[in-house]
Amino acid sequence: MGEDLGKEFENLVYLLLRRKTSDVAYWKGKGEVDFVVSTDHGVTPIQVTFGEPQQRHENALEEFFRQFPQANEAIYATPESFAELAAMDL
């Protein structure tokens, strides 16, 4: 059941991001960054998690930043931080 809530939350974050910018993608290396948004402020990786961030999230971000060292600081989207994400100017 938690996995279903996680997928639904990820879809909710995607819809929010699409309202903010049309440039929403994901990044995949050995790991995966759920969303990468590109705006006038630069490229920002976003990891979505319904619970606590896992080591796999960190590993994927480390790999992402090796490839894109100039990217903005990563954002973790959680149910607790959703309102803050909604208020951000991406």
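Residues numbered from 1 in each chain as written. Predicted model: local features only at pLDDT ≥ 70, side-chain atom pairs only at ≥ 80, totals over all residues. Heavy atoms only, no water.

(A) A look at helix α2 (residues 55-67). For α2, built from 13 residues, the straight-helix expectation of 18 Å at 1.5 Å per residue is met to within 8% by its first-to-last C-alpha distance of 19 Å. All buried positions along α2 are accounted for by H57, A60, L61, E63 and F64. On an axial view of α2, the arc spanned by its buried residues comes to 160°, and they lie on one face. Those residues of α2 that are exposed and angled more than 90 degrees off the buried face are Q55 and R66. Where α2 is buried, its residues contact β1 (24-28), β2 (32-39), β3 (42-48) and β4 (75-77). (Helix = DSSP H or I, 4+ residues; strand = E, 2+ residues; numbered from the N terminus. Expected span 1.5 Å × (residues − 1). Buried < 20%, exposed > 50% of the residue type's maximum accessible area, 1.4 Å probe, protein only. Arc of directions from axis to C-beta. Contact = heavy atoms within 4.5 Å.)

(B) Region of interest: the environment of Y14. For Y14, the location among the structural elements is in helix α1 (residues 2-20). Y14 gets classed as partly exposed once you look at its relative accessible area, which sits at 31%. In the structure, Y14 is positioned 20 residues away from D34 in sequence and 9.1 Å away in space, judged by C-alpha atoms.

(C) Layout of the environment of G51. Among the structural elements, G51 can be located in the loop between β3 and α2. Distance from G51 to D40, taken between C-alpha atoms, is 30 Å for residues 11 residues apart in sequence.

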